Structures are given as C-alpha cells and as structure tokens.
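# A look at the structure
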Amino acid sequence: MDLMSARPVLLFAHPSMDELAKAIVASCEESKRDPSRLMTPCPSEAEIKRSPIDVESVRQLCHQHRRREVHYKNLGIRWDKFHDGFPNLFIDNVKSVAGKDVLFLASFHSPEVIFEQLSVIYAIPRYLAKSFTVILPYFPTGTMERVDTEGQIATAKTLAQLLSSIPLTGKGPAQVVIFDIHALQERFYFSDFVIPRLESAVSLLKKEMSLLDDIGSVAVAFPDDGAFKRFHSMFEEVSCTIVCTKMRENGTRVVKIKEGDPSDCHVIIVDDLVQTGGTLIECAKVLLEGGAKCVSAYVTHAVFPKNSWTKFTTSEKVTFKNFWITDSVPHALEIAKHPPFKLLSLGSVIADALLSYDLKNM
C-alpha cells in the first residue's frame, strides 16, 4: 500500500456557498504547494526501506503528519422543492459517505433556507460518516443572546439547540465552526453533544492593514464597548485604539468618542457585523470631526438587510476609504462589486482552521 495515500475528506455545501466552497478547496491545495504551510515531510517508501528505524513507527509518523485532499461534492445533493414549497432533498451516492470524514458548508443567511440545511445536516451522520464538521461562517441569531425583559426570547439559544441535535458520528460529537460569533459566551448555549469551534477572520483584515501605505498612522476604533471587549486583544500591536459609545442627548441617540484620539489617523472601525450601518456612519462622523484624516471599516458579516449597503456607496456626508467585508453571507459577493466595499474571502482562514486539525490524517 502507498504510504502517502490518505482518504479524502468530503465537502458538501449549500448552493448559496458554492464560491466559498471552491475557495476553501483552492486554499487547501495551495497549502500543499507552499512550503511555509506544509508540515514535516513524510519519508518516501525507498527512504523507509533504507532506514534502520522501525517501519511501523515511521508509518505512524507519516499517518499523523500527512494532510489530506478535500473533495468538493458540488453536485452531491439535490436541493429541490415539492409543489407545496417544502424541500425535496436527495444525497446522491450516499453510501460514499460511510466511513468518511465529512464537511458541510452551511449558510443560515435567511430563515427560508435553514430548515432544508438542517435536514441534510441531521441526515449525514446517520449514513455512517466517520466524523462530521459543519462550517457555519455566520451565526445569524447571535445578537439575540440575552433576555433584558421578561417575554423576550433569546433565539441564539434556540439556534444553538437546533445545531446541538446533530447526531453523533463514529468519532463522537460533530463540530460546528463559526466565525466571529457576536458574543463568545454563546458557546455555552450548545449542548455537550456538539463541539462549537469559535474562530475569527480578523487575520484577513490585519493582512490588509499591513499593505496600507499609511500603516504608520493607522488606528483601530470600536463602535461600542461590546466590539471593544470582543476584538481589542487582537490589535495589541496597534498604537492607537479608540472606543466610541452610544448615549442619549435630549431624547436622541448619539455616538461619541469615549476613549482615544483619532487626530491625523487613518481610523479603521472594526465590528463583527453590520445591519443597517447607521452606527458605523455616526461613528465615522464623530471620528472625522475629531480630526481623523480618513475612515475605513471592517466587518466579518455584511448582513445589510433591504440593501442598506447602498447608503455607503451614495452618501455625500461620510466617505469611507475602504469597507472590508467577507463572504460569510452569499450576498456579500454582489455588495463587494461596489466601492468602497472590498471582499476578503474566508476560504483561506477556513482552510487554515481545517489544516490545523481536520485535514491531518488522524
């Protein structure tokens, strides 16, 4: 048997995430060609035969350090509907799942697509998948994580419970990989029957920051205390940090600078997500009034309901130099076609997360 052979990992995806799925595969393939991302190479068959080292020990070493291929089954699931609108789903060649490590790239960007994806997610482990990892870049109910008034429903807990119902696999609980969840404590909403892996895409922004011509005058701003608590530790190398806050004056909510000085800085506002964008615009205004020479923004999740992103392309009051977003939601691909938006694909950070564990031949 060829010692270098290894079973591929199967990747399925919701059709809305087809481009991101391809980017993940491309990034995994790139890691094989980039020596800086490769692990210690495994000896060849000939080297093993010439070596006095125990062959079985070398086999085990190779087994631990090889990285495996990802096979994207882009036509592996039929996403049809019955006449009444309910999903009519079918996994082609489903027996190929048995004994395999399986990934599923999901997108819960709309309530209309959650049920059909949960149906597939619940089914795959029952077809004897060896292990199962759900990649859910955007956890959509993350901002409803607490109850401030009796009667409110924390739908973040509800969605976590739904994902916690994924059946066990031969290797145990499924993993659920989420990027820049709104609040880290939401990990405790999941049961012990799944393993939530909370990752971050901020490394994509930091790479972009390193390429800026004015990197020496870059400051990072947070639109509220929540964003500061969530992300400030990721920017310890940035000399100037600014925190904004929301308060009420004469019955009107206003944004003010709580800490830091934006004078003569290129200020980058950082948050996990954006909805209508009103807070970001008000934050940008106060930063410019405070002396910032220009303002950019970064969010991992460009939610933008009802095309609210258009206010950033047409506004004459506040101009953003850059607005970096990721493809955690499908419509980000269209938004990124319009300046000042720039797309940072999650493909590389998802691949890195997988390469750190899932794609080792464990």
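The text that follows walks through the structure, step by step, so that each part is easy to find. Computed from a prediction, not measured in an experiment: that's the story for all the values here.

Before going further, it helps to examine the packing of aromatic side chains. This structure, assessed with the given rule, holds 13 aromatic pairs. When the ring of F304 is compared with that of F341, the centres are 5.7 Å apart and the planes differ by 80 degrees; the resulting orientation is edge-to-face. Here the residue F304 occupies a position in the loop between β13 (294-302) and α9 (311-314), and F341 occupies one in strand β15 (residues 341-344), the gap between them amounting to 37 residues. Take F304 and F341: they sit in the same class, and that class is buried. Look at F312 and F323: their rings are 5.1 Å apart centre to centre, the planes differ by 85 degrees, and that puts the pair in the edge-to-face class. Taken together, the residues span a long stretch of sequence, with F312 in helix α9 and F323 in strand β14 (residues 320-326) at a distance of eleven residues. For F312, a relative accessible area of 6% gives the class buried. Looking at F323, the relative accessible area reads 0%, which means it is buried. Taken together, the aromatic side chains of F304, W309, F312, F320, F323 and F341 make up a single cluster linked through ring pairs. Taking the ring centre of F231 as reference, the NZ or CZ of R230 above it sits at 5.1 Å.

Along helix α4 (residues 111-126), the residues classified as buried are V113, I114, E116, Q117, L118, V120, I121, I124 and P125. Contacts from the buried residues of α4 go to β1 (9-13), β3 (77-81), β4 (87-91), β5 (101-105), β6 (131-135) and α5 (155-163).

With that out of the way, let us pick up the sheet that holds β6. Reading across the sheet, the six strands line up as β2-β1-β5-β6-β7-β8 and stay open at both edges, with parallel pairing between neighbours. Of all the strands in the sheet, just β2 (70-72) and β8 (194-199) have a single pairing partner and so form its edges. When strand polarity is set aside, the average angle formed by the axes of neighbouring strands in this sheet is 20 degrees. Of the strand pairs in this sheet, β1 and β2 are connected by three bridges, and their pairing is parallel. Bridge pairing in β2 links L11 to Y72.

Of the positions making up α5, those classed as buried are A156, L159, A160 and L163. Looking straight down α5, one finds that the buried residues subtend no more than 100 degrees of arc, so they occupy a single side.

So, about the pattern of salt bridges. Tallying each qualifying case throughout the model produces 15 salt bridges. Between D18 and K22 there is a salt bridge whose closest N-O contact spans 3.1 Å. Of this pair, D18 and K22 both sit in helix α1 (residues 18-33), four residues apart, which is roughly one turn of that helix. Overall, the relative accessible area of 41% leaves K22 in the partly exposed class. Salt-bridge contacts for D214 lead to K293; the nearest nitrogen and oxygen are separated by 4.0 Å. Here the residue D214 occupies a position in the loop between α6 (202-210) and β9 (218-222), and K293 occupies one in the loop between α8 (278-289) and β13, the gap between them amounting to 79 residues.

Calculation criteria
- Residues numbered from 1 in each chain as written.
- Predicted model: local features only at pLDDT ≥ 70, side-chain atom pairs only at ≥ 80, totals over all residues.
- Heavy atoms only, no water.
- Phe/Tyr/Trp six-rings, centres within 6.5 Å; stacked < 30°, edge-to-face > 60°.
- Helix = DSSP H or I, 4+ residues; strand = E, 2+ residues; numbered from the N terminus.
- Buried < 20%, exposed > 50% of the residue type's maximum accessible area, 1.4 Å probe, protein only.
- Lys NZ or Arg CZ within 6 Å of the ring centre and 35° of its normal.
- Contact = heavy atoms within 4.5 Å.
- Pairing = 2+ DSSP bridges.
- Axes fitted to C-alpha atoms, helices over the stretch in contact; angles between N-to-C directions.
- Arc of directions from axis to C-beta.
- Salt bridge = Lys/Arg side-chain N within 4 Å of Asp/Glu carboxyl O.

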